[in-house]
Amino acid sequence: MSYPAVVEDHPLLSRIEQALDGIRPYLAADGGNVRVLDITDDMVLRLELLGACGTCPMSPMTLKAGVEESVKKAVPEIRSVEAINVTPMQGQPAGQPGHPLPPTPVPTPEF
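Owing to the predicted nature of the structure, the values given are computational and were not obtained by experimental measurement.

Rules used in this analysis
- Every residue gets a number counted from 1 within its own chain, in the order that chain's sequence is written.
- Side-chain atom pairs in this predicted model are given and counted only at pLDDT of 80 or more, local residue features only at pLDDT of at least 70, and totals for whole chains, interfaces and linings cover all residues.
- As a rule here, side-chain values come from all non-hydrogen atoms in the structure, and water together with hydrogens is ignored.
- Numbering of helices and strands starts at the N terminus; helices are DSSP runs of H or I of at least 4 residues and strands are runs of E of at least 2.
- Expected span of a helix, by definition, is 1.5 Å for each gap between consecutive residues, and there is one gap fewer than residues.
- The bend at a residue is defined as the angle formed between two axes, one fitted to the seven residues ending at that residue and one fitted to the seven starting there.
- The classification of residues rests on relative accessible area computed with a 1.4 Å probe and restricted to protein chains. Under 20% of the type maximum is buried, over 50% is exposed, and intermediate values are partly exposed.
- Contacts: residue pairs with any heavy atoms within 4.5 Å of one another.
- We call a set of buried Ala, Val, Leu, Ile, Met, Phe, Trp, Tyr and Cys residues a nonpolar core when their side-chain atoms join them within 4.5 Å.
- Each axis is a line fitted through C-alpha atoms, and for a helix only the stretch in contact is used; angles between axes span 0 to 180 degrees, taken between their N-to-C directions.
- Handedness of a crossing follows from how the near helix is turned relative to the far one, being left-handed for an anticlockwise turn of less than a right angle and right-handed for a clockwise one.
- Three classes are used, and their members are as follows: Ala, Val, Leu, Ile, Met, Phe, Trp, Tyr, Cys and Pro are nonpolar, Asp, Glu, Lys and Arg are charged, and the others, Gly among them, are polar.

**Student:** Report on helix H3 (residues 59-74), specifying residues and quantitative values.
**Tutor:** The terminal C-alpha atoms of H3, which comprises 16 residues, lie 21 Å apart, in line with the 22 Å expected from a rise of 1.5 Å per residue. Its axis deflected by about 35 degrees at Glu-68, H3 carries its strongest bend there. Taken together, the buried positions of H3 are Ser-59, Pro-60, Leu-63, Val-67, Glu-68 and Val-71. Buried-residue contacts for H3 involve helix H2 (13-29), strand S2 (44-51) and strand S3 (80-83).

**Student:** Can you tell me about the nonpolar core, naming the residues and giving the values?
**Tutor:** Ranked by internal contacts, the top residues of the largest apolar core, which has 22 residues, are Ile-16, Leu-20, Leu-45, Leu-47 and Ile-78. Looking at this core, the elements that each hand over two or more residues are H2, strand S1 (32-39), S2, H3 and S3. At 6 residues, the largest contribution of residues to this core is made by H2. When residues no more than four places from it in sequence are discounted, the contact partners of Leu-47 are Leu-20, Val-34, Arg-35, Val-36, Leu-37, Leu-63, Val-67, Val-81, Glu-82, Ala-83, Ile-84 and Asn-85.

**Student:** Describe the packing of H2 against H3, and please don't skip the residues or the numbers.
**Tutor:** Between H2 and H3, whose axes approach to 8 Å, the crossing angle comes to 145 degrees. The two elements H2 and H3 meet at a crossing, and its hand is right-handed. Along the contact surface, H2 presents Arg-15, Ala-19, Leu-20, Ile-23 and Leu-27, while H3 presents Thr-62, Gly-66, Val-67, Ser-70, Val-71 and Ala-74. Partitioned by chemical class, the residues of the contact of H2 with H3 number 7 nonpolar, 3 polar and 1 charged.

The quantities given are spatial measurements derived from coordinates; they are silent on function.
Here it is, written out as structure tokens:
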């Protein structure tokens, strides 16, 4: 994988990639991936969501609950994780093509 010159020699990059490698199979199962773009001076990891992850309406949740949690657990020096191409959930109109309606609860059968 190629990195911007600023990131390529960053001392945390190998640990970050190792954390990302742990969740990549889950992203790949849905047709997505993630790429490191930058690690800022104030320890913000900037990523690009690739493939289906870049357009998925669930990507903000995936970013926070999956990617950020995994990275911060493995690399506590990272303060937060941002993706350059995530549309905030409130900016995604439900029911439009590519933006499904929230799931309808399924009644639990009584036995």
